[in-house]
There are 2 protein chains.
Amino acid sequence: MTRKFNFSAGPAGLPEEVLAQAQQELLDWHGKGLSIMEMSHRSDEFVSVAEQAEQDLRDLMGISSAYKVLFLQGGATSQFSMIPMNLLRGKTNADYINTGIWSKKAIKEAARYCDVSIAGSSEGNGNIAVPTQAELKLNPDAAYLHYTPNETIGGLEYDYIPESGDVPLVADLSSTILSRQLDVDKFGLIYAGAQKNIGPAGLTVVIVREDLLGSVVAGTPTMFDYKVHADADSMCNTPPTFGWYLAGLVFKWLKAQGGVAAMEKANQRKQAKLYAAIDASDFYANPMAVANRSWMNVPFTLADDALDALFLQQAEEAGLLNLQGHRSVGGMRASIYNAVPEAAVDALISFMQQFEKQHA
Amino acid sequence: MTRKFNFSAGPAGLPEEVLAQAQQELLDWHGKGLSIMEMSHRSDEFVSVAEQAEQDLRDLMGISSAYKVLFLQGGATSQFSMIPMNLLRGKTNADYINTGIWSKKAIKEAARYCDVSIAGSSEGNGNIAVPTQAELKLNPDAAYLHYTPNETIGGLEYDYIPESGDVPLVADLSSTILSRQLDVDKFGLIYAGAQKNIGPAGLTVVIVREDLLGSVVAGTPTMFDYKVHADADSMCNTPPTFGWYLAGLVFKWLKAQGGVAAMEKANQRKQAKLYAAIDASDFYANPMAVANRSWMNVPFTLADDALDALFLQQAEEAGLLNLQGHRSVGGMRASIYNAVPEAAVDALISFMQQFEKQHA
């Protein structure tokens, strides 16, 4: 077995130690004679795994008891509907900030349930810089303010948390959750598809202030009602047990690494050296405003895009996988989530320098 | 490692060969240097896994090109909403047959979207025999007829497929899919949570006649629209990739066993010998009408329920796990899905006979 360096945007790489533990106990969890995925979700064993995962996430992120932590299915895309269905609470208007493909998707779905006001947009600058706080046009009567702290495809990231006053702040944290410290108390609701920084695809984590729950739009499917899940500890039906278990192993791994403070330091170093390598070269380029460069998703272009295919081929031969940019934008993208070790970034930089020497 | 016999109702046991293969390639799928769960769902590798799984399921069940096969999230419980939201198609009425806890849940959710007519019910007989075809009061203008071929909790199973004429027939096949041969052409829609006969929890398979798609109730979340998933080959967002992969391994395993015809023979034998052992004893009892006894879930009671705890404890010591009945009904329940080997049933019968000798 040779594990390679995986820069996939998601489903993304998991910590090797986590996979090794899952592998070791895959057929026989803790000597019980069966796999964790073969256990009833209501068994004492699985419930203890599930509860521990939630507690570890609460510890890692400092989530207070004012918040419910839900382990759901359906991906962030389902949240695009669940958020208006649950958070409108009788209001007819919500504020959204548009910074790229993912915020646009959220806006499009929300517009089916309410009047969406675009409180700010980066479209005018080609999505290379987020609107500043001063530029936001906030409606104090909006049901909530939604934003996308990191646009995974564009590689655009906020350098601040929007101030929304009494209006609940809602964030799609799919690609940045657990990558650095965050004051959860500033948010009404945080959601994240697991497949970047948490675990395997098929699990979605929602952290929501409990006082926002309890009122849904007429016709909301029962499974789209946060309160139903909150009241049942995310077990109103069979949850994705293996994903929940793996997320729990990732949370334990994060604690062992020193928690999000340590991840923040590592991620800061990883992105700084990768952008520095890009900036030091005339051959590679990243177009984002420096303050809004994503720590997690680093897109870059080659001076000559006729070399893209060769770059990808040689990178793969060098053990550097999944560097192709999103099909909608092209170029390259290195996603460097928590589980991507600094050694992977070092190897990528070496490869990029070597490739430049040969082809610039 | 000692694998035990697992009679869990779900999440249920998986074939040991499937788990062994998943274990072997968990950190390095086919020499690619990463786990299948660390790959983009749009990678050539994963797409080939996904397509092969669908093709194998089509082969196993004889699913024609008139049907779409969807790999979704949210469990059968989400289907309880998705079915009326998608299949009403402008109609206001749907027929449901009530045979126990799961059909009641489906009815309760459907009633939020349409007028539900109870076309038949086993409530009058305490849910021990399903209504016959002659007893059904079918509305020829109903949008569809929904029934639950097997009630997992009660252990009640249809011995026939209801005839609904031109009204599309909809079946919750969560616990019986792939357990025997089935004429898919008789159905408008079949759905099944994976965690019994297909794979791990967090995956839901929907088989739906394509001509029924394309019209949804106003306000239906995009992710609850079958056509959106059908048009995107179940990849309108990130699907539960690891579950889909594991389901594919289960389908391959089923083919290697001789397909559903061979499973039918094995399942027929397994249930016959277990019910025969129950019937041969005055100590154990199953209350169901013989024709409606479930092949998959065999509930039974002890003559003295004060012995239940001891039975469960000694069964566990004998390596027979998860025999406790559902919390809503008590007693015992042996779920004997495809992956439960005949040796498990033999071991259970031996244990039951021994326990009876000691305690009757």
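Residues numbered from 1 in each chain as written. Chains lettered and ligands numbered in written order. Predicted model: local features only at pLDDT ≥ 70, side-chain atom pairs only at ≥ 80, totals over all residues. Heavy atoms only, no water.

Turning our attention to the UniProt feature "modified residue: N6-(pyridoxal phosphate)lysine" (unreviewed entry) in chain A. Residue and element names in this part refer to chain A. Per the UniProt record, the feature "modified residue: N6-(pyridoxal phosphate)lysine" (unreviewed entry) sits at K196. Inspection of the secondary structure puts K196 in the loop between strand 9 (189-193) and strand 10 (204-209). When its relative accessible area of 15% is taken as the criterion, K196 is described as buried. Excluding residues that lie within four positions of it along the chain, K196 makes contacts with A9, G10, A12, G13, T152, S174, S175 and Y337. (UniProt positions renumbered as here; feature names shortened; annotations may be inferred. Helix = DSSP H or I, 4+ residues; strand = E, 2+ residues; numbered from the N terminus. Buried < 20%, exposed > 50% of the residue type's maximum accessible area, 1.4 Å probe, protein only. Contact = heavy atoms within 4.5 Å.)

In screw terms, the move from chain B to chain A is a rotation of 180° and a rise of 0.0 Å along the axis, fitting with an RMSD of 0.0 Å. Taken together, the rotation and translation relating the two chain copies correspond to the operation of a two-fold axis. When C-alpha positions in chain B are compared against the rotation axis, the closest is assigned to Q23 of chain B, at 2.7 Å. Of the interface residues in chain B, 100% have counterparts in chain A that sit at the interface too, so the contact is made through matching surfaces. (Least-squares fit on C-alpha atoms with pLDDT ≥ 70 in both.)

Moving on to unusual backbone geometry. The linkage connecting G10 of chain A with the following residue, P11 of chain A, adopts the cis geometry, with an omega of -10°. Within the secondary structure, P11 of chain A is located in the loop between strand 1 (5-6) and helix 1 (16-24). The phi angle at N322 of chain A is positive, at roughly 65°, despite the residue not being glycine. Following the sequence through the fold, N322 of chain A ends up in the loop between strand 13 (320-321) and strand 14 (332-335). Residue N322 of chain A is classed as partly exposed on the basis of its relative accessible area of 33%. You will see that R89 of chain B, though not glycine, has its phi angle at about 45°, which is positive.

On to the sheet that holds strand 11 (residues 284-285) of chain A, then. Residues and elements named next belong to chain A. With antiparallel pairing, the three strands of this open sheet are ordered in space as 11-12-14. Each edge of the open sheet is held by one strand with a lone partner, namely strand 11 and strand 14. Relative to strand 14, strand 12 (residues 297-302) runs antiparallel, the two sharing four bridges. The residue bridging F300 from the neighbouring strand is M332, located in strand 14. (Pairing = 2+ DSSP bridges.)

Bringing the pattern of salt bridges into the picture now. Within this structure, the stated rule accounts for 32 salt bridges over all chains. One salt bridge connects K255 of chain A with D59 of chain A, and the closest N-O pair in it is separated by 2.7 Å. Within this pair, whereas K255 of chain A is found in helix 6 (residues 241-256), its partner D59 of chain A is found in helix 2 (residues 44-61), the two being separated by 196 residues in sequence. In this structure, the salt-bridge partner of R293 of chain B is D279 of chain B, at a minimum N-O distance of 2.8 Å. Of this pair, R293 of chain B sits in the loop between strand 11 (284-285) and strand 12 (297-302) while D279 of chain B is found in helix 7 (residues 259-279), placing the two residues 14 residues apart along the sequence. Salt bridges here are not isolated pairs; linked through shared partners, they connect D56, D59, K252 and K255 of chain A. (Salt bridge = Lys/Arg side-chain N within 4 Å of Asp/Glu carboxyl O.)

Turning our eyes to something else, we now look at the UniProt feature "domain: Aminotransferase class V" (unreviewed entry) in chain A. Per the UniProt entry, the sites bearing "domain: Aminotransferase class V" (unreviewed entry) are residues 5-348 of chain A in this numbering. When the span residues 5-348 of chain A is considered, its composition is 32% helix and 17% strand, and the gap between its end C-alpha atoms is 9 Å.

Turning next to helix 1 (residues 16-24) of chain B. Residues and elements named next belong to chain B. When we look at burial in helix 1, the residues that qualify are V18, L19 and A22. The arc enclosing the buried residues of helix 1, seen along the axis, measures out at 95°, which places them on a common side. Opposite the buried face of helix 1, at more than 90 degrees from it, the exposed residues are E17 and Q24. Taken together, the buried residues of helix 1 touch helix 6 (241-257). (Arc of directions from axis to C-beta.)

Sheet strands pair via backbone hydrogen bonds, and the direction of the pair is either parallel or antiparallel. Within the open sheet, the three strands sit side by side as 11-12-14 (chain B). Their pairing is antiparallel. Pairing within the sheet leaves two strands with one partner each, and these edge strands are strand 11 and strand 14 (332-335) of chain B.

This part is about the packing of aromatic side chains. Within this structure, the stated rule accounts for 34 aromatic pairs over all chains. Each ring, one from F283 of chain A and one from F355 of chain A, has its centre 6.2 Å from the other, and the planes form 50°; the classification is tilted. Taken together, the residues span a long stretch of sequence, with F283 of chain A in the loop between helix 7 (259-279) and strand 11 and F355 of chain A in helix 9 (residues 342-359) at a distance of 72 residues. As far as burial versus exposure is concerned, F283 of chain A and F355 of chain A are alike and both buried. Both rings, one in F71 of chain B and one in W244 of chain B, keep their centres 4.4 Å apart while their planes meet at 15°; by these two values the pair is stacked. One end of the pair, F71 of chain B, is in strand 2 (residues 67-72); the other, W244 of chain B, is in helix 6, with 173 residues separating them in the sequence. You'll find F71 of chain B and W244 of chain B in the same group, each marked buried. Ring-pair connections join several aromatic residues into one group, and the members of that group are F283, Y284, F300, F311, F351 and F355 of chain A. Stacked on the ring of W295 of chain B, the Lys or Arg R180 of chain B has its end atom at 4.4 Å from the ring centre. (Phe/Tyr/Trp six-rings, centres within 6.5 Å; stacked < 30°, edge-to-face > 60°. Lys NZ or Arg CZ within 6 Å of the ring centre and 35° of its normal.)

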